[in-house]
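# Architecture and fold: a report
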Amino acid sequence: MLGSRLKLARTAAGLSLRDLEAKINRAVSAQAIGMYERDETTPRSDVLITLADALQISVSWLSSAEQLTLDKVDFRKRKLTSPKDEAAVRASVSERLERYLEVEDVLGLDSRWWRQPKAPQYKIKTSIEDVEAAAEKLRQDWGLGLDPLPSLGEFLEEEGIKVLCVELPEKISGISCTATQKTSNGSFHAIVVNSVHPGERQRFTLCHELGHLVLSVSENFDDEKVADRFAGAFLMPRETIEKEVGTRRRQLSLGELLALKKVFGASAAAVLYRCKQLEIISEDFYKQTYTVFARRGWTRPPYEPEPVKEEPSRRFERLCFRGVAEGVMSHSKAAELLGKTVEVFIQGMDVTGILASTEA
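Residues numbered from 1 in each chain as written. Predicted model: local features only at pLDDT ≥ 70, side-chain atom pairs only at ≥ 80, totals over all residues. Heavy atoms only, no water.

### Notes on the overall build of the protein chain
Secondary structure summary: the protein chain contains 18 helices and six strands in total. Against the 2.2 N^0.38 benchmark of 21 Å for 360 residues, the protein chain shows a C-alpha radius of gyration of 23 Å, consistent with a compact globule. Principal-axis analysis of the C-alpha atoms places the extent of the protein chain at approximately 70 × 60 × 45 Å. Counting the 360 residues in the protein chain, one finds 49% classified as buried. Contacts in the protein chain between residues far apart in sequence, at least 24 positions, make up 71% of those at least 6 positions apart. Only carbon and sulfur atoms are counted for the fraction: they give 49% of the accessible area of the protein chain, which is about 17900 Å². Taken together, the 51 basic and 54 acidic charged side chains of the protein chain have centroids lying 4 Å from each other. (Helix = DSSP H or I, 4+ residues; strand = E, 2+ residues; numbered from the N terminus. Rg over C-alpha atoms; globule rule 2.2 N^0.38 Å. Buried < 20%, exposed > 50% of the residue type's maximum accessible area, 1.4 Å probe, protein only. Contact = heavy atoms within 4.5 Å. Areas by Shrake-Rupley, 256 points an atom, 1.4 Å probe, with all protein chains shown as cover. Lys, Arg positive; Asp, Glu negative; His and termini not counted. Charge placed at Lys NZ, Arg CZ, Asp CG, Glu CD.)

Spelled out as structure tokens, the structure:
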């Protein structure tokens with residue numbers, strides 16, 4: 001078990017065996033590290049500490065018996081990622097999810113629940129209109145109405161889906177997966193978004209990955225195009241956007257598109273494309289306007305002006321604060337799980353005002 005965790009942490013750090021050998025100042029050789037990873041031999045305690053420090057993980061995590069596997073991993077990408085990139089992302093996500101499960105376990109919370117939508121899945125069989133209907137039905141099943149959604153990350157966590165915000169390669173928008181704990185045979189769903197992307201793109205990615213989790217798509221359709229259509233329909237319901245924009249327009253100004261961006265929490269480009277999908281604007285007007293976006297540099301980093309606030313959920317952080325407040329977790333353990341120093345974690349908790357009021 002130690003071997004697989006050591007390899008996972010090394011891969012997550014993007015290090016080769018020789019890179020790690022150099023990082024620990026050759027305390028042991030690359031060959032020896034390879035033997036540890038294959039569980040052919042066990043490192044001495046001082047070497048274990050050195051490896052953990054170099055990889056910025058705890059000795060307790062490295063020695064843990066828990067094991068997590070990621071299944072049905074879907075990489076949403078603009079172009080093909082390298083096997084190395086995908087391995088590093090899998091490793092990083094596995095490590096983050098294990099930390100999440102650890103604090104839930106300490107607090108006695110169930111990691112596996114998900115308020116499963118009605119019916120096995122929303123089926124996309126005959127036409128693209130099935131996607132529109134599926135998005136409307138899911139909103140109805142979850143009691144969301146037609147209003148814009150203020151905080152998608154937090155909402156999906158409330159529905160039992162783990163949401164992580166992780167720094168990924170620029171070309172990877174996010175992933176969805178089913179994760180399984182081998183020691184408990186428990187499974188749960190997770191969505192990961194890229195922390196370097198603006199909030200509006202993170203929100204679209206969350207909806208796209210949600211589509212992959214809830215839709216059953218006929219082989220006649222492209223899964224990625226269906227998930228994109230679902231994301232647009234879930235973020236911007238037909239009835240709501242027609243109320244805001246109208247059912248038929250000759251043109252939309254950039255100012256109006258940026259204002260609608262704030263309403264829906266979607267990029268101006270996504271709003272423009274949604275209007276084209278619903279035939280509110282013509283194909284020609286869409287192409288002309290998108291060309292203006294490209295000329296202004298809005299289609300590449302740093303993307304559009306007036307970015308939407310970042311979307312990540314802070315539930316994991318809140319659970320760490322709760323663990324310390326309830327006395328079931330030390331400050332150092334909580335800081336370790338969050339990847340922070342103890343000093344930074346304590347500053348984040350900021351209990352001094354509470355303590356002062358209770359002592360008075």
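### A word on the pattern of salt bridges
Within this structure, the stated rule accounts for 24 salt bridges. Among the ionic pairs, Glu 283 bridges to Lys 276, the shortest N-O distance being 3.4 Å. In the salt-bridge network here, residues are joined through shared partners; they are Glu 102, Lys 333 and Glu 336. (Salt bridge = Lys/Arg side-chain N within 4 Å of Asp/Glu carboxyl O.)

### Looking at the packing of aromatic side chains
All told, the structure shown has eight aromatic pairs when counted by the stated rule. Here Phe 230 and Phe 234 contribute two aromatic rings whose centre-to-centre distance is 5.6 Å and whose plane-to-plane angle is 15°, an arrangement assigned as stacked. Linking Phe 230 with Phe 234, this pair stays in helix α10 (residues 223–235), spanning four residues, or about one helical turn. Phe 234 carries the same exposure label as Phe 230, and that label is buried. (Phe/Tyr/Trp six-rings, centres within 6.5 Å; stacked < 30°, edge-to-face > 60°.)

### Remarks on the nonpolar core
Taken as a class, soluble globular proteins show a tendency for nonpolar side chains to be buried jointly. One finds Trp 142, Leu 156, Leu 210, Val 214, Phe 230, Phe 234 and Ile 241 to be the most contacted residues of the largest nonpolar core, which totals 53 residues. Formed by 32 residues, the second largest nonpolar core is a distinct cluster that contains Leu 101, Leu 107, Ile 175 and Ala 179. (Core = buried A, V, L, I, M, F, W, Y, C linked by side-chain atoms within 4.5 Å.)

### Observations concerning the state of the cysteines
A covalent bond bridging the sulfur atoms of two cysteines is what the word disulfide describes. One pass over the structure, following the stated rule, counts zero disulfides. For Cys 177, which is in no disulfide, the shortest distance to another cysteine sulfur is to Cys 165 and amounts to 15 Å. Classification of Cys 177 as buried rests on a relative accessible area of 1%. The closest cysteine sulfur to the non-disulfide-bonded Cys 207 is located on Cys 165, 15 Å from its own sulfur. Among the residues examined, Cys 207 registers a relative accessible area of 1% and is labelled buried. (Disulfide = S-S within 2.5 Å.)

### Remarks on helix α4 (residues 45–55)
Turning to α4, its buried residues number three or more, namely Val 47, Leu 48, Leu 51, Ala 52, Ala 54 and Leu 55. One side of α4 holds all its buried residues, which, seen down the axis, span an arc of 165°. In α4, the exposed positions angled more than 90 degrees off the buried face are occupied by Ser 45 and Asp 53. Where α4 is buried, its residues contact α1 (2–12), α2 (17–23), α3 (30–37) and α5 (59–63). (Arc of directions from axis to C-beta.)

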